[in-house]
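# Coordinate inspection notes
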Amino acid sequence: MLCSICKEKPATVHITQIVGDKAQKLDLCEECAKAKGVNDPSFAPADLMLGLGASQEIEQSAGGVETKCPRCGFSQADFKKSGRLGCSECYKTFAEGLEGLLKSMHKGTHHAGKVPEALRATREQSDRLKLLQKKLAKAIEDENFEQAAQLRDEIKQVTPRGTGLSVT
Amino acid sequence: MGTTPMKLDEFLISPAETARRHGPHDRIVMSSRVRLARNLKDAAFPGWAKKPERLKVLETIRPAVESLPELKDAFSDVMDNLTALDKQILVERHLISREHAAKGSGSGLVFNREESFCVMINEEDHLRMQALRPGLQLRQAWSAIDHLDTELEKKLDYAFNNELGYLTACPTNLGTAVRVSAMLHLPGLVLAEQINPIIQSVNKLGLAVRGLYGEGTEALGNVFQVSNQMTLGEGESAIVERLDKVLSQIIEHEENARQTLLEKKPKVVFNHIGRAYGILANAHSISSKETMNLLSLMRLGVDLGLFPAEERSAVDELFIVTQPAHLQKQFSDKLSAEERDLLRADMLRDRLKHVSRPNAKKGGSGLDKPANL
C-alpha cells in the first residue's frame, strides 16, 4: 500500500482517528506522517475529517489564520481543531478556503436539491438572471447588438425593483 | 427547563413488537432511514454556541416540532432529563446517535409513538430529523421526512444559501444535508468472503459502509449500514434513486451468495448455523458481541429454512434485548460486564429452549428464488 499523501513510498503508519463520531483511516509513509505531525497533538482533526490538506487549504484563504467570523468569532484555528464551522455566516467568512475543499468532497459545488418554499421564487429569479446575463455577455461578444438590447430589456423586467440585485 | 421527565420505557415500543414489524426485502434490509440536517439562520451551530444560545435554540425548535401533526402525542424531552441508561437504550434502538447520547443541557429529543419519526435537537446541527421504515423503503422515508421538513420550514427560519443549499456545521453535510441509509444483514456475503470487494465497490460509487451503530463502529452481527456520502451537487431524489439501485444489487449479491453457499458448501453453512444454535442455547456466559454474531447466523438459519419461519421475530427480539443497556434496564443498572454475560446467557437459554435444533434436511426450502442476473 502506498502512502496516501506522496503516493510514492510504502505506507507504514496506519491511523484511525475518531473525531466526534467520524472515523477516518489514513495510511502514510514515515516521512509524510512526520511532516503531518501524526504523533504531534497539533495534528489537525480537520485533515482527518475532511481529507488531507483541508486545514492547509483553509489557511491559505484570504486573511490567513487570523481570519475570524465577524458574527460568531469562530476562527480558522477553530476550524482546524474541530473540522466544523461556527455558524452559517462562517460559510461566507471562509468561502475562499472552503471552495477547493467542497469540490474535493462533493459531487458539485452548486446546490441541486430542495429549496425552502419561501425562497423558491427568489432563487428561480436569480437563476434566470444569471442565465440572461450569460446570454447578454455572449451576444455582446458576438456583436449581436439587436439580441443584446432585447436581453437587456428582459433583464430589466426580471430584476426586482429596489432589491439592489445588480444587473451587471 | 423545568418540564416533568417523561417515562421513556413506557413510551418505547416493546422489543417483541418491533421484531414483528415487516417491510419489503426485510430478510436482508432490516430498516431504511432518511435524515435531514437543518440549522437556524441566526444562531451559532451547537458545537460552537454557548449554553444560553443553545437553550434558546432548543426553546424555539422544540415547540415547533411538537406542533406538527406527525409528532402529536410524541415523546418529547430535554436530554438532561434522560438517564445515561435511557440514552444508551435509545442508541441501541437506533433512535439517536451516540453523539446525541453524549449531550446534556441544551439538547432535546422528540419522536412519535410509531418510532417512524425522530428529531434530535442540538446534535451536531440544530435539527437532525429522520424518518425510519422497516425493510427497503427509501422513497417512502424520503417523502415522509420531506413533508415534515416542509411543514417545519414554515415555522422556523432555516440557514439556506442559494449556492450552497442548507448550511450545516460540517461541510461534509452541506447542500441537501440529507443522509439516506439502509441497515443490511449480509451473513451470506461475509461467509462467502465476498464482503470486502462489495464494500470497496460500494465505496467507489461514493457511498459509505459502516457498522451497526453508525460511523466509526464495527459490523457486529453481519449488519452493515450503507449511505450516501456526498450531499452537494445532487438532488435528494437522485441520491435516493442511486442508493436504491445499489441496494438492489447488494440484495441480489447476498441472495446469490447464500444460494451458492448452499449448493457448494452446505456443510460449512450448516456447521456455522448449528454451532451458533448450540452455543446460544447452551452457554452460561456470553458477551454481547458474540451473541450478535451468533444470532446473525440463526437469522440466516431461519432464512434458509433450518428453523421455522415464526422464529424470526424471536431472533430479532433477542437482537434487541441482549444488548448491554437493554439487559441493564431489565435487571439492574449496577450490573458489571461479567454479570451481564451470565444473565444474557440465562435469557438466551430460556428463550431458545423451545426452539428445536436446526433441521439441515429442510435447509434451502426457505431460500429466495435465485435472482435473475
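Residues numbered from 1 in each chain as written. Chains lettered and ligands numbered in written order. Predicted model: local features only at pLDDT ≥ 70, side-chain atom pairs only at ≥ 80, totals over all residues.

Counting residues at the interface gives 38 residues for chain B and 34 residues for chain A. Looking at the side of chain B that touches chain A, the elements that each hand over two or more residues are α5 (98-101), α6 (138-153) and β6 (160-161) of chain B. Tallied by class, the residues present in the side of chain B that touches chain A amount to 14 nonpolar, 15 polar and nine charged. (Contact = placed C-beta atoms within 7 Å. Helix = DSSP H or I, 4+ residues; strand = E, 2+ residues; numbered from the N terminus. Nonpolar A, V, L, I, M, F, W, Y, C, P; charged D, E, K, R; others polar.)

Residues and elements named next belong to chain B. Counted residue by residue, strand β4 (residues 117-121) has five buried out of five residues, so it is predominantly covered. The two faces of β4 match: Phe117, Val119 and Ile121 on one face and Cys118 and Met120 on the other face are all buried. Judged from the four bridges that link them, strand β3 (residues 108-111) and β4 form a sheet pairing that is antiparallel. Bridge pairing links phenylalanine 111 to cysteine 118 in β4. Linking two consecutive strands that pair antiparallel, namely β3 and β4, is a turn of five residues; a positive phi of about 60° is found at glutamate 115 within it. The pairing of β4 with strand β5 (residues 127-134) spans five bridges and is antiparallel. (Buried ≥ 20, exposed ≤ 12 C-beta atoms within 10 Å, placed from the backbone. Pairing = 2+ DSSP bridges.)

Ranked by internal contacts, the top residues of the largest apolar core, which has 116 residues, are Cys87 of chain A together with Val119, Leu138, Leu184 and Met298 of chain B. Of all the elements, helix α9 (residues 236-264) of chain B adds the most residues to this core, at eight residues. Setting aside residues no more than four positions away along its own chain, leucine 184 of chain B makes contact with Ile28, Val29, Met30, Val223, Phe224, Val226 and Ile250 of chain B. (Core = buried A, V, L, I, M, F, W, Y, C linked by C-beta atoms within 7 Å.)

Another aspect to go through is the environment of glutamine 130 of chain B. All names here are of chain B. Relative to the helices and strands, glutamine 130 is located in strand β5. For glutamine 130 and glutamate 99, which are 31 residues apart along the polypeptide, the C-alpha to C-alpha distance reads 15 Å. With sequence-adjacent residues up to four places away left out, glutamine 130 is seen in contact with Arg33, Val34, Arg35, Cys118 and Ile145.

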